[in-house]
Amino acid sequence: MIVNEIKAKNIITKSNLPGIDYVINPYTGCSHSCLYCYARFMKRFSRHEEKWGSFVDVKVNASDLIPAGVTTYRQKSLFISSVTDPYLSLEKKYQITRAILKKLVPLNPKLMIQTKSDLILRDMDILKTFPNCAAGFTITTMDDSVRKEIEPYTSPVEQRIQALKTLKQNGIKTYVFIGPILPSLSDWQEIIAATKEYAHTYILENLNAFGSIWGDIHAWIGSNHPGLLNLYEAIYKGKSEYWNATEAEIRKFGDEEKINYKIVFHHWKTQKIN
Ligand code: SF4
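No experiment lies behind these values; they were computed from the predicted model shown. (Residues numbered from 1 in each chain as written. Predicted model: local features only at pLDDT ≥ 70, side-chain atom pairs only at ≥ 80, totals over all residues.)

### Points about the nonpolar core
At step 1: Membership of the largest hydrophobic core comes to 60 residues, with the highest contact counts inside it found for Val176 and Ile178.
At step 2: Counting residues domain by domain, this core receives three or more from each of domain 1 (1–131) and domain 2 (152–274).
At step 3: With sequence-adjacent residues up to four places away left out, isoleucine 178 is seen in contact with Ile139, Ser186, Trp188, Ile191, Tyr202 and Leu204. (Core = buried A, V, L, I, M, F, W, Y, C linked by C-beta atoms within 7 Å. Buried ≥ 20, exposed ≤ 12 C-beta atoms within 10 Å, placed from the backbone. Domains from an automatic or database assignment. Contact = placed C-beta atoms within 7 Å.)

Here you go:
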């Protein structure tokens, strides 16, 4: 992993994500190296030649860039993070996210913080002090052997579930982001069953295999799960009804189980691949 310490010019940016006003990314790049990472497009803006997932720029001055005493962010939704994970293993040493959180508390934003690492538990003392905070774990599969294939440097699934439980027990509002749902490999019903007691809400997203992501997914399925290759090609090369059917299934299940959930599927993008 190539690690650079950099001085960022700004740290709170306006968001174009639906329902999110502002975003903070404590790092540029991401050492979790998820196979399906959508954030790989960021390489274009970071002047890096290296492969996405092989470098991290640590924004060492990040917390200094958060102003004190302003009302700009009061009750505005602020998401950490959109194109990295706030709890990379580097965070143990640098504590960039921790310093950011400390500076954010008095600004009173509606904080939403999401990770694949149980290192978030280190910062529970600060998270508890936000008047409005939701902490979420991404869980893509309950099968830890699949997790190792697609998210090699993240916390094991069971550790994430235990951490979710601890957050909930400490009075922090929690959610689970189930995504991207990988056809036939993301057992979303099992994820919900395993986390139902600890999650206030769920967000579900399908695999959006555009551009180079499709190449990586196709190669991985071909070598590790060849029996699923026909299914993936049918979904991503044709006008499949797979995601419409999955969405209907989730709605039925979610309503029957009386869970809070939001589906953020991308139907149109899956049909653009050829
Ligand atoms: S944690 Fe998020 S940003 Fe990091 S590699 Fe995985 S998908 Fe990409």
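### A look at the domain arrangement of the protein chain
At step 1: Domain parsing of the protein chain yields domain 1 (1–131) and domain 2 (152–274).
At step 2: For domain 1 versus domain 2, the distance between C-alpha centres works out to 23 Å.
At step 3: With 16 residues of domain 1 at the contact, the number on the domain 2 side is 21 residues.
At step 4: Split by residue class, the side of domain 1 that touches domain 2 holds 7 nonpolar, 5 polar and 4 charged. (Nonpolar A, V, L, I, M, F, W, Y, C, P; charged D, E, K, R; others polar.)

### Some words on the sheet that holds strand 4 (residues 27–28)
At step 1: Strands sit in the order 1-5-4 across an open sheet of 3 strands; the sheet is mixed. Edge positions in the sheet fall to strand 1 (2–6) and strand 4, since each of these pairs with one other strand and no more.
At step 2: Bridge count between strand 1 and strand 5 (residues 55–59): 5 bridges; the pairing is parallel. Among the inter-strand pairings, valine 3 is bridged to a residue of strand 5, identified as valine 56. (Pairing = 2+ DSSP bridges. Helix = DSSP H or I, 4+ residues; strand = E, 2+ residues; numbered from the N terminus.)

### Section: the site of the ligand
At step 1: Taken together, Cys30, His32, Ser33, Cys34, Cys37, Ala39, Val83, Thr84, Asp85 and Lys116 make up the full set of residues adjacent to the ligand.
At step 2: Across the shell around the ligand, the residue classes tally to 5 nonpolar, 3 polar and 2 charged. (Near = placed C-beta within 6 Å.)

### Quick word on the environment of isoleucine 100
At step 1: Topologically, isoleucine 100 is positioned in helix 2 (residues 96–104).
At step 2: Residues isoleucine 100 and isoleucine 178 lie 78 residues apart in sequence; the distance between their C-alpha atoms is 26 Å.
At step 3: Non-local contacts of isoleucine 100, meaning those with residues more than four positions away in its chain, are made with Ile24, Pro26, Ala62, Ser63 and Ile66.

### Focus on the sheet that holds strand 6 (residues 77–80)
At step 1: Reading across from one edge, 2-3-6-7-8-9-10-11 is the order of the 8 strands in this open sheet, with mixed pairing throughout. Sheet topology places strand 2 (12–14) and strand 11 (261–263) at the edges, where each strand pairs with a single neighbour. Taken pair by pair, the neighbouring strands of this sheet meet at an average axis angle of 25 degrees, ignoring direction. (Axes fitted to C-alpha atoms, helices over the stretch in contact; angles between N-to-C directions.)

### Focus on the pairing of strand 5
At step 1: Counting buried positions along strand 5 gives 5 out of 5 residues, so the element sits mostly inside the fold.
At step 2: Here strand 5 shows two buried faces, one formed by Phe55, Asp57 and Lys59 and the other by Val56 and Val58.
At step 3: Inspection of the sheet shows strand 4 paired to strand 5 by 2 bridges, in the antiparallel sense. Looking at the pairing, threonine 28 lines up with aspartate 57 of strand 5.

### Regarding helix 2
At step 1: Within helix 2, the full set of buried residues consists of Ile96, Thr97, Ile100, Leu101 and Leu104. Buried residues of helix 2, seen end-on, are gathered within an arc of 130 degrees and therefore sit on one face of the element. (Arc of directions from axis to C-beta.)

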